[in-house]
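# Understanding the architecture of this molecule
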Amino acid sequence: MPSSSEKVRVLYHIGYRFPEDAAVVQSAFKSVRVVLLCGTFSRATKLSLSFGPNACNNFSRTDRFMLLRPLPTVLIASHGIGLGSIDCLLNDIHNLLTVANTPSYALIRLGSSGGVGVAPGTLVVTRDALNAALRPELAVTVLGTVRNLAARLDAALSRQLFEFVREHSELPCVMGDTVCAETFFDSQARTDGADPLFSHDDARAYLQRCSRAGVKNIEMECLPLAAFAHRVRVPAAVVCVAFIDRLVEETPTQDAAKLMAYETCAVNAVVEFVKQMLVPPLHDDSVACARSA
Ligand code: R2B
């Protein structure tokens with residue numbers, strides 16, 4: 001096998017190939033300092049438009065993920081649902097920014113989640129990302145052996161994000177642990193899947209155990225994000241809006257407009273945080289277009 005330095009590198013899921021695309025990637029992404037991650041295309045677009053009008057140029061060359069760069073310093077990416085999806089994206093983005101010679105960057109995920117003992121519309125900044133067994137590690141089967149990878153978010157960045165959001169958002173904001181579930185139904189203690197493995201009472205007992213352990217919400221990506229960030233030494237933080245309180249209900253009962261309003265408040269708070277705290281005032285507002293190059 002050729003060594004990785006001799007290999008042609010293909011970022012398969014965002015559609016870049018090196019060495020061919022190296023120059024265009026350097027011009028488009030070298031100045032990136034913050035990567036904002038969210039699940040869906042529509043949330044990525046909303047985040048991006050909140051930075052300004054240059055926002056909707058999609059730098060991804062595939063339809064797997066969206067990559068927007070509303071400012072030279074800010075990259076926004078949609079990651080889809082769960083471990084497999086976000087792991088592909090994180091690897092591709094890190095390799096992209098490595099080729100771009102980006103000196104350093106931070107990762108911030110803005111997600112939705114089920115709250116645990118917090119009211120719908122609460123923003124939860126993650127202290128520790130935990131697996132569903134409440135441990136801060138990600139189990140991955142590597143070469144046939146299960147390895148438990150340490151998952152660590154950046155404590156200083158998380159605290160800074162929490163303090164900013166608490167002060168600047170109309171939504172209530174708490175800091176606490178987040179359980180990252182492997183699957184939407186079973187691992188999130190939901191009994192509304194096709195064939196639930198446990199009773200409603202079992203689910204409630206688990207959620208109460210989570211709550212007693214300091215868990216404030218459940219989602220599906222914080223753990224691979226924390227494990228990846230720790231592994232490549234990039235600071236990362238996670239903030240999610242809770243759409244329901246799982247100690248009270250399993251499915252959102254609030255209307256869609258209300259949930260959308262929560263999302264908008266969360267987007268505004270994170271965009272302000274990035275603008276005020278993480279990126280310097282901008283001079284170069286040119287939008288280099290790697291996609292069409
Ligand atoms: C929150 O919502 C999605 C599942 O509906 C998942 O990506 C998550 O973490």
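As the structure is a prediction and not an experimental result, all values here were calculated from the model.

This brings us to a nonpolar patch on the surface. Taken together, the side chains of Val8, Val10 and Tyr12 define a hydrophobic patch exposed on the protein surface, amounting to about 320 Å² of accessible area. Its place among the elements puts Val8 in the segment before strand S1 (9–11).

The next point concerns the side chain of Asn58. Tracing the sequence through the fold places Asn58 in the loop between helix H2 (41–49) and strand S4 (67–71). On the basis of relative accessible area, Asn58 is assigned to the buried category, the value being 18%. At 3.0 Å, the side chain of Asn58 and the backbone nitrogen of Ser60 are in polar contact. Looking at Asn58, its side chain comes within polar contact range of the main-chain nitrogen of Leu67, at 2.9 Å.

Here we take up the pattern of salt bridges. Under the defined criterion, the tally for this structure stands at 11 salt bridges. Note that Arg135 is salt-bridged to Glu137, the shortest N-O span being 2.9 Å. Taking the relative accessible area as the measure of exposure, Glu137 reaches 19% and is therefore buried. Three or more residues joined by partner-sharing salt bridges are found here, namely Arg43, Lys46 and Glu263.

Moving on, we come to the site of the ligand. As a matter of local geometry, the ligand sits amid Ile81, Arg109, Ser112, Phe184, Glu219, Met220 and Glu221. Between the ligand and the protein, one listed contact pairs an oxygen atom with a side-chain N or O atom of Arg109 at 3.4 Å. Within the side chain of Glu221, one N or O atom sits 2.6 Å away from an oxygen atom of the ligand. Taking 270 Å² as the accessible area of the ligand by itself, protein coverage stands at 77%. Comparing atom positions with the cavity grids shows the ligand to sit within the largest pocket.

Take the layout of surface pockets next. In this structure, the largest pocket encloses a volume near 470 Å³. As for the largest pocket, its lining consists of 23 residues, of which Ser112, Ser113, Phe184, Gln188 and Phe243 are closest to the centre. Counting residues per element, the ones that place at least two in the lining of the largest pocket are strand S6 (106–115), strand S11 (215–219) and strand S12 (236–245). Considering only residue class, the lining of the largest pocket consists of eight nonpolar, eight polar and seven charged. Lining the second largest pocket are 15 residues, with Asp87, Asn91, Leu149, Phe228 and Arg231 positioned closest to its centre.

Once that is clear, we can look at the packing of helix H1 (residues 22–29) against helix H3 (residues 82–99). In contact at an axis separation of 8 Å, H1 and H3 are set at 95 degrees when each is read in the N-to-C sense. Looking at the two axes, H1 sits roughly perpendicular to H3. Across the interface between the two elements, Ala22, Val25, Gln26 and Phe29 of H1 pack against Leu96, Leu97 and Val99 of H3. Counted by class, the contact of H1 with H3 contains six nonpolar, one polar and no charged residues.

So, about the packing of aromatic side chains. On inspection of all chains with the given rule, the structure shows four aromatic pairs. An aromatic cluster is present here, built from Tyr16, Phe29 and Phe59 joined pairwise through their rings.

Turning our eyes to something else, we now look at helix H7 (residues 256–278). With 23 residues, H7 extends 32 Å between its outermost C-alpha atoms, agreeing within 8% with the 33 Å of an ideal straight helix rising 1.5 Å per residue. Leu259, Tyr262, Glu263, Cys265, Ala266, Val267, Ala269, Val270, Val271, Phe273 and Val274 are the residues of H7 that are buried.

Note that soluble globular proteins tend to have their nonpolar side chains buried in a common cluster. If you look at the biggest cluster of nonpolar residues, it comprises 44 residues, and the most contacted ones within it are Phe29 and Leu107. Contributions of two or more residues to this core are made by strand S2 (16–18), H1, strand S3 (34–38), strand S5 (74–78), H3, helix H6 (222–232) and S12. Phe51, Phe162, Phe164 and Met175 belong to the second largest nonpolar core, which has 39 residues in total.

The next subject is the state of the cysteines. On inspection of all chains with the given rule, the structure shows zero disulfides. For the unlinked cysteine Cys180, the closest cysteine sulfur is that of Cys222, found at 4.4 Å. The closest cysteine sulfur to the non-disulfide-bonded Cys265 is located on Cys173, 12 Å from its own sulfur.

If you check which residues of H1 are buried, you get Ala22, Val24, Val25, Ala28 and Phe29. Projected onto a plane normal to the axis of H1, the buried residues spread over an arc of 165 degrees and lie on a single side. On the buried face of H1, the contacting elements are S2, S4, S5 and H3.

Conventions and cut-offs
- All residue numbers here refer to positions counted from 1 along the written sequence of the relevant chain.
- Only residues with pLDDT of at least 70 get local features here, since the model is predicted, and only at 80 or more are side-chain atom pairs given and counted; chain-wide, interface and lining totals rely on the full set of residues.
- The side-chain values count all of the structure's non-hydrogen atoms but skip hydrogen atoms and water molecules.
- Each patch is built from residues that are more than 30% exposed by relative accessible area and take part in no salt bridge. Like charges join if they lie within 9 Å; nonpolar side chains (Val, Leu, Ile, Met, Phe, Trp, Tyr) join within 5 Å.
- Residue exposure ignores everything except the shown protein chains as possible cover, and the areas themselves are Shrake-Rupley values with a 1.4 Å probe.
- For salt bridges, the criterion is a side-chain nitrogen of Lys or Arg within 4 Å of an Asp or Glu carboxyl oxygen.
- Only runs of H or I of at least four residues qualify as helices and only runs of E of at least two qualify as strands under DSSP, and these elements are numbered from the N terminus.
- A simple rule labels every residue: compare its accessible area, found with a 1.4 Å probe on the protein chains alone, to the largest value its type can have, and call it buried under 20%, exposed over 50%, or partly exposed in between.
- Polar contacts, as counted here, are pairs of nitrogen or oxygen atoms within 3.5 Å of one another; within protein the pair requires one atom able to donate a hydrogen and one able to accept it, and residues that are adjacent in sequence qualify only if both atoms are side-chain atoms.
- If even one non-hydrogen atom of a residue comes within 4 Å of a molecule or strand, that residue is called near it.
- The pocket and cavity definitions rest on a 1 Å grid over protein atoms only: a 1.4 Å probe that fits but cannot leave marks a cavity, an open set with protein on both sides within 12 Å along at least five of seven lines marks a pocket, and residues lining either have an atom within 4 Å of a point.
- What decides whether a molecule sits in a cavity or pocket is whether more than half of its atoms lie within 2 Å of the grid points.
- Grid points are joined across faces, edges and corners, and a volume is the space filled by probe spheres set on the points.
- Residues are grouped as follows: Ala, Val, Leu, Ile, Met, Phe, Trp, Tyr, Cys and Pro are nonpolar; Asp, Glu, Lys and Arg are charged; every other residue, Gly included, is polar.
- Axis angles are defined between N-to-C directions and span 0 to 180 degrees, where every axis is a line fitted to C-alpha atoms and, for a helix, only to the segment in contact.
- Should an angle fall under 35 degrees it is called roughly parallel, over 145 degrees roughly antiparallel, and 65 to 115 degrees roughly perpendicular, with every other angle called oblique.
- The criterion used for residue contact is that any of the two residues' heavy atoms lie within 4.5 Å.
- Aromatic rings from Phe, Tyr and Trp, with only the six-membered ring used for Trp, were paired whenever their centres fell within 6.5 Å, and each pair was classed as stacked if the ring planes differed by under 30 degrees, edge-to-face if by over 60, and tilted otherwise.
- Working rule for helices: expected span equals 1.5 Å times residues minus one.
- Buried residues of nine kinds, namely Ala, Val, Leu, Ile, Met, Phe, Trp, Tyr and Cys, make up a nonpolar core once their side-chain atoms join them within 4.5 Å.
- Whenever a pair of cysteine sulfur atoms sits within 2.5 Å, that pair is classed as a disulfide.
- By arc we mean the arc of the directions from the helix axis to the C-beta atoms, nothing more.

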